[in-house]
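# A closer look at the structure
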Amino acid sequence: MLQGGLCFWVPVNSSDSKMEMMASDDDTRDILRPLVFRLHENVPALVREVLLERGWTEFDKKEQDDADWNLYWRNSPFCMTDHRGVKPWQRLNHYPEAIRITRKDFLARHLKRMKGAFGSTLYEFSPVAFIMPKDYVKFVAEYSKERQSGGRSGCYWICKPVDLSRGRGILIFQDIKDLVYDCTVIVQKYISNPLLISGYKLDLRLYVCVTSFCPLTIYTYEEGLVRFATEKFDLESLDNVYAHLTNTSINKYGASYKKYKEGIGCGSKWTFSKFRSYLRIFDVDDVVLWQKINNIVILTLLALTPLPVASNCFELFGFDILIDDKFKPWLLEVNYNPALCLDCSIDDTVKRKLLHDVVELLNYKQIDTLRHNQVAGIKAGRRQVLWSTAGERATKETSSLLNCQKVAKRSSASSAQPALRKVAALTKKTTRAHPRKTLTSQLREKMNTPKISVKAEAENKQPLGIGHSSRESARLCHQLPTPDAFNYKLIPCPYFISDKDQRPIPRVGDFVLIFPFNEAALKASKDGTNIKNIIKEISKLVSKQLPS
Ligand code: ADP
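Residues numbered from 1 in each chain as written. Predicted model: local features only at pLDDT ≥ 70, side-chain atom pairs only at ≥ 80, totals over all residues. Heavy atoms only, no water.

### Let's talk about the packing of aromatic side chains
The full count for this structure, using the stated rule, is 20 aromatic pairs. Taking 5.4 Å as the distance between ring centres and 70 degrees as the angle between the ring planes, the aromatic pair formed by W69 and Y72 counts as edge-to-face. Accessibility expressed as a relative area gives 6% for W69, which makes it buried. Positioned above the aromatic ring of Y72, the side-chain terminus of R38 is 4.4 Å from the ring centre. Looking at R74, its charged tip hangs above the ring of F78, at a distance of 5.5 Å from the centre. (Phe/Tyr/Trp six-rings, centres within 6.5 Å; stacked < 30°, edge-to-face > 60°. Buried < 20%, exposed > 50% of the residue type's maximum accessible area, 1.4 Å probe, protein only. Lys NZ or Arg CZ within 6 Å of the ring centre and 35° of its normal.)

Encoded structure:
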């Protein structure tokens, strides 16, 4: 992987460029090709900002070909045709059907099913929940049982509309006569003994990135947000949202939000780093706490498998975790599009870096900047000109590349080397040694050049040697303009696999790989997820993590 590579500017030979077809101006001849992002409406401004900061450019539907982009970000799911049509140089920010665990009732149902199948020892991290009105009778039975065992007051419950977010429509109650709802809701046991800091309730917004569901590949983000309620926790005032809900979208309207709060400060957020330091002061083992949280993440995402097979997508989830006063973490919900708005400077610090690291995780290679117009995909209006000039050459190059790829796939060292040399020569032919430097290109170059590691560049140039696996051959083919790219067929070479050892990269920025966590887990997640074996491995892990 080209670690830290912000973006790769590939000077393209003018004859391959559609810009040249459109203008004879000399200035357009040397084109530095940035990566291109495409945003659907309502995508938070920060996504655009970060990508521009990295030197990317925004997709222009009118000017560019349909496939001339590298990252498509939207807030809603893609349709299956988008997934089927994804090209080797592209990534989509949603996995098909990942939304299945991000609605509160779906999550409750999936976790209940997993609890039934694999036991409550592992799956006891989510508060008991009932989907209303469907589970009303079951809820009444549980409510009555709690009342009998817990005295007249019984326990506390929280009622949440299933498809609302940001704390909207939430009700906390003790007496069933206070339960009212006019839509589908979940009624969940209210964790009435939360960990408090200086009397304030808090929860954690943990960012989780899944780069693949098959094989399952999960990263958690080490930095994150601790979100505080802005009034002191008090079970006597259940209707005080500022004391019981930790959503910033609610607390920022509270009278205490901007005020200095003893032990917390102003506002309502801390970073994980600050929270970890706080825990250490009180001799709390934050490593054990985070191991438990990571187990929750893995077990929750297992509930979502199997998903339809899809390449070149990823999912950034926001897990909401509440910690109780015994330091037990509870999963409250999983967010599909975790908020990327900037309410305070802590948001800016955490979310901006998070997005940069997400892009790092997407592991773009220099070849991805070439996109389709090296070989194909020309918009109707320009099609004829291009095919009659560059197109002919592209076809020739493509057919020689087809031969190269066939040879490389056979993985024979002796035959693959000349094949790759040929490809290297072709690549060289399309690349100028010294692109013309304009003011903006110099600025961009300054931003990006140091990030391209010499080692990574050398790796890209290195011919296929003896002992390379067929998978590596496939990877190398992916890195070069291939006939598969021409045919819009995605080569099955996951983008998140390390060039070095063909495994998921253990760490990218602040993203840490938490699954697979050992060889057995890796094996069990390949070729269709073997949930039973994975659960066995997690059980072993959990028993090792328990204090002796
Ligand atoms: P939303 O999608 O509306 O944010 P959440 O499930 O995240 O809904 O709940 C909002 C807030 O309510 C949480 O951040 C947390 O502070 C509080 N909360 C939710 N469920 C529980 C629960 N079972 N026990 C204690 N507090 C809860």
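### A few points about the site of the ligand
Surveying the vicinity of the ligand reveals 24 residues, the closest of which are K160, G167, T246, N247 and E333. Bound to the protein, the ligand loses 99% of the 540 Å² it would expose on its own. Residue classes in the shell around the ligand are distributed as 9 nonpolar, 6 polar and 9 charged. (Near = heavy atom within 4 Å. Areas by Shrake-Rupley, 256 points an atom, 1.4 Å probe, with all protein chains shown as cover. Nonpolar A, V, L, I, M, F, W, Y, C, P; charged D, E, K, R; others polar.)

### What about the pairing of strand β14 (residues 225-228)?
Residue alternation in β14 divides its side chains into two sets, L225 and R227 and V226 and F228, and both sets are buried. The pairing of strand β12 (residues 200-213) with β14 spans 4 bridges and is classified as antiparallel. Following the sheet pairing, D203 is matched in β14 by R227. Pairing of β14 with strand β15 (residues 269-271) involves 3 bridges; the strand directions are antiparallel. Residue pairing for β15: L225 is matched across the bridge by T271. (Helix = DSSP H or I, 4+ residues; strand = E, 2+ residues; numbered from the N terminus. Pairing = 2+ DSSP bridges.)

### Thoughts on the pairing of strand β17 (residues 329-335)
Counting buried residues in β17 gives 6 out of 7 residues, a clear majority hidden from the surface. Sheet topology note: the strand β16 (residues 315-323)/β17 ladder contains 6 bridges and is antiparallel. Across the sheet, the residue bridging to D320 is E333, located in β17. Where β16 folds back onto β17 in an antiparallel hairpin, the turn is made up of 5 residues, including F327, whose phi is positive at roughly 65 degrees.

### Concerning the sheet that holds strand β6 (residues 91-92)
With parallel pairing, the 4 strands of this open sheet are ordered in space as β4-β3-β5-β6. Of all strands in the sheet, those bounded by a partner on one side alone are β4 (57-58) and β6. Pairing of strand β3 (residues 36-39) with β4, which is carried by 2 bridges, proceeds in the parallel orientation. Of the residues in β4, the one forming a bridge with F37 is E58.

### Considerations on the sheet that holds strand β7 (residues 129-132)
Overall, antiparallel pairing links the 4 strands, which are arranged β7-β10-β8-β9 in an open sheet. Here the strands that pair on one side only, and so sit at the sheet edges, are β7 and β9 (171-173). Looking at each pair of strands side by side, their axes are set apart by 20 degrees on average, direction ignored. As defined by bridge partners, β7 adjoins strand β10 (residues 185-189) across 4 bridges and the pair is classed as antiparallel. Across the sheet, F130 pairs through a bridge with V187, a residue of β10. Contacting β7, β8 (157-161) and β10, helix α4 (residues 104-118) crosses the sheet at an angle of about 130 degrees to β7. Set on the sheet, helix α5 (residues 136-149) makes contact with β7, β8, β9 and β10; between it and β7 the angle comes to about 140 degrees. (Axes fitted to C-alpha atoms, helices over the stretch in contact; angles between N-to-C directions. Contact = heavy atoms within 4.5 Å.)

### Quick look at the environment of R503
Tracing the backbone shows R503 in the loop between α16 (483-486) and β18 (507-508). The exposure class assigned to R503 is partly exposed, which follows from its relative accessible area of 32%. For the pair R503 and L522, spaced 19 residues apart in sequence, the C-alpha separation works out to 9.1 Å. In this structure, R503 is in contact with F496, I497, S498, E519 and L522, ignoring residues within four places of it in sequence. One polar contact links R503 to E519, side chain to side chain, over a distance of 2.7 Å. (Polar contact = N/O pair within 3.5 Å; in protein donor to acceptor, adjacent residues only side chain to side chain.)

### Some details on the nonpolar core
Grouped together as the largest cluster of nonpolar side chains are 64 residues, with contacts concentrated most on L204, F275, L301, F317 and F319. In terms of residue count, the dominant contributor to this core is helix α9 (residues 286-302) (9 residues). Formed by 34 residues, the second largest nonpolar core is a distinct cluster that contains V47, V350, L361 and F511. (Core = buried A, V, L, I, M, F, W, Y, C linked by side-chain atoms within 4.5 Å.)

### A short note on the environment of L361
With respect to the helices and strands, L361 occurs in helix α10 (residues 345-361). In the structure, L361 is positioned 150 residues away from T211 in sequence and 8.2 Å away in space, judged by C-alpha atoms. With residues up to four places along the chain from it excluded, the contact list for L361 reads C209, T211, Y219, Y495, V508 and F511.

### What about the packing of helix α8 (residues 272-281) against α9?
Axis angle and axis distance: for two packed helices, these are the angle between their axes and the distance between the axes, and together they describe the pair. Close contact between α8 and α9 brings their axes to 10 Å; oriented N to C, the two are set at 130 degrees. Classified by the angle between their axes, α8 and α9 sit oblique to one another. Here α8 contributes F272, F275, R276, L279 and R280 to the contact with α9, which in turn contributes D286, L289 and W290. (Parallel < 35°, antiparallel > 145°, perpendicular 65-115°, else oblique.)

### Observations regarding α8
Among all positions in α8, only F272, F275, R276 and L279 are buried. Buried residues of α8, viewed axially, fall in a sector of 100 degrees; they line one side. Just downstream of α8 lies D283, where phi reads positive at about 60 degrees. (Arc of directions from axis to C-beta.)

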